[in-house]
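Spelled out, the chains give:
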Amino acid sequence: MDARRAAILEAMGIDRFVARAPLVEPLSSPSASVQSTGPVVAPATPSGVDDLDVASLDWDALAGQVATCTRCALAAGRSQSVFGGGDRAARWMIVGEGPGAEEDRAGEPFLGSAGQLLDSMLQAIGLRRPQVYMANILKCRAPGNRDPHPAEARCCMPFLQRQIELVDPGLILCLGRIAAHSLLGVETPLGQLRGRVHELKPLGRKVVVTYHPGYLLRTPGEKRKVWADLQLAMETARGQRA
Ligand code: SF4
């Protein structure tokens, strides 16, 4: 491990021995990756995608629709919608739950201390924020940072689906319970969604689930598990596009 990465892991609160003895072995192919970490979960379809037709929209048209969207009640309380950002041709896509107060003000995803921790997580695997594309299930802030209602997530899902199609990532890193349940259309506890590679149908993308950095700030003892999830994600991404 080089000194810089060691410093980043230390900042994440991860003991160095975890990095010296990875929880999953390096792999050479996607199928090997799946076998080493448990079965691929049965193909999932994003839950509740309704009849909003965005399939033909390009980036500008899609962003325009999100900026003016009033499809759910969250439109009434937002300062602005938070579309997403980063490299629109990224190999990695990061999917979270929804904007908080800071993101609502700035119009950018993953800001504040949780965003900084996410940056550290990415740096630990050799990525910087401009090299990934970040988006949320919800494009508008839920009042008081409450959990989004399932109907709100359903309303917003077509936008994320189209973003995934346009980015065409090799790997989606899904952060937190709300994002995982909405994206995969399951209600399985997050701990059981970790450690496996999920296949998202019909979009045909590999998904790895881990804890949201906001949760990690409150529960730093889980950082070691996140490091294992990041290694699985790295190996899956390598297998997708050598
Ligand atoms: S959360 Fe999504 S569906 Fe609801 S108003 Fe905002 S952009 Fe539209």
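Chemist: Quick one: what's the story with helix α6 (residues 112-124), residue by residue and with numbers?
Modeler: The terminal C-alpha atoms of α6 lie 19 Å apart, and with 13 residues this matches the ideal 18 Å at 1.5 Å per residue to within 8%. What α6 keeps buried is the set Ala 114, Gly 115, Leu 117, Leu 118, Ser 120, Met 121, Leu 122 and Ala 124.

Chemist: Account for the site of the ligand, naming residues and giving values.
Modeler: Residues in close proximity to the ligand include Cys 69, Arg 71, Cys 72, Leu 74, Ala 75, Arg 78, Leu 138, Lys 139, Cys 140, Cys 155, Cys 156 and Phe 159, which together make up its full environment. Along the lines of polarity and charge, the residues of the shell around the ligand split into nine nonpolar, no polar and three charged.

Chemist: Requested: an account of the pairing of strand β4 (residues 132-136), with residues and values cited.
Modeler: Most of β4 is tucked away: five of the five residues are buried. Burial of the side chains of β4 extends over both faces: Val 132, Met 134 and Asn 136 are buried on one face and Tyr 133 and Ala 135 on the other. Examined bridge by bridge, strand β2 (residues 85-86) and β4 share two bridges and lie antiparallel to one another. Residue Gly 85 lies in a different strand from β4, and its bridge partner there is Met 134.

Chemist: Any chance you could break down the confidence of the model for the chain for me, citing the residues and the numbers?
Modeler: Model confidence for the chain is summarised by a mean pLDDT of 84, while 78% of its residues fall at 70 or above. In this model, residues 16-49 is a region of pLDDT below 50 whose contacts with residues beyond four sequence positions or in other chains number 74 contacts.

Chemist: So what's going on with the packing of aromatic side chains? Which residues, and what values?
Modeler: What the rule picks out here adds up to three aromatic pairs. Seen in terms of ring centroids, Trp 59 and Phe 83 are 6.0 Å apart; in terms of plane orientation they differ by 85°. Their pairing is edge-to-face. One end of the pair, Trp 59, is in helix α4 (residues 59-67); the other, Phe 83, is in the loop between α4 and β2, and 24 residues separate them in sequence. Phe 83 matches Trp 59 in its accessibility class, with the two residues each being buried. Summarising the aromatic geometry, the rings of Tyr 211 and Tyr 215 are spaced 5.0 Å apart at their centres and angled 25° between planes, so their arrangement reads as stacked. Among the aromatic residues, ring-to-ring pairing joins Trp 59, Phe 83 and Tyr 133 into one connected group.

Chemist: So, the pattern of salt bridges: which residues are in play, and what are the values?
Modeler: One pass over the full model with this rule turns up nine salt bridges. Of the charged contacts, one joins Glu 199 and Lys 201 as a salt bridge, the two residues approaching to 2.8 Å between their closest N and O atoms. Judged by its relative accessible area of 18%, Glu 199 falls in the buried class. Overall, the relative accessible area of 31% leaves Lys 201 in the partly exposed class. Look at the salt bridges and you will find they share partners, linking Glu 199, Lys 201 and Lys 206 into a network.

Cut-offs and rules
Residues numbered from 1 in each chain as written. Predicted model: local features only at pLDDT ≥ 70, side-chain atom pairs only at ≥ 80, totals over all residues. Heavy atoms only, no water. Helix = DSSP H or I, 4+ residues; strand = E, 2+ residues; numbered from the N terminus. Expected span 1.5 Å × (residues − 1). Buried < 20%, exposed > 50% of the residue type's maximum accessible area, 1.4 Å probe, protein only. Near = heavy atom within 4 Å. Nonpolar A, V, L, I, M, F, W, Y, C, P; charged D, E, K, R; others polar. Pairing = 2+ DSSP bridges. pLDDT = per-residue confidence, 0-100. Contact = heavy atoms within 4.5 Å. Phe/Tyr/Trp six-rings, centres within 6.5 Å; stacked < 30°, edge-to-face > 60°. Salt bridge = Lys/Arg side-chain N within 4 Å of Asp/Glu carboxyl O.

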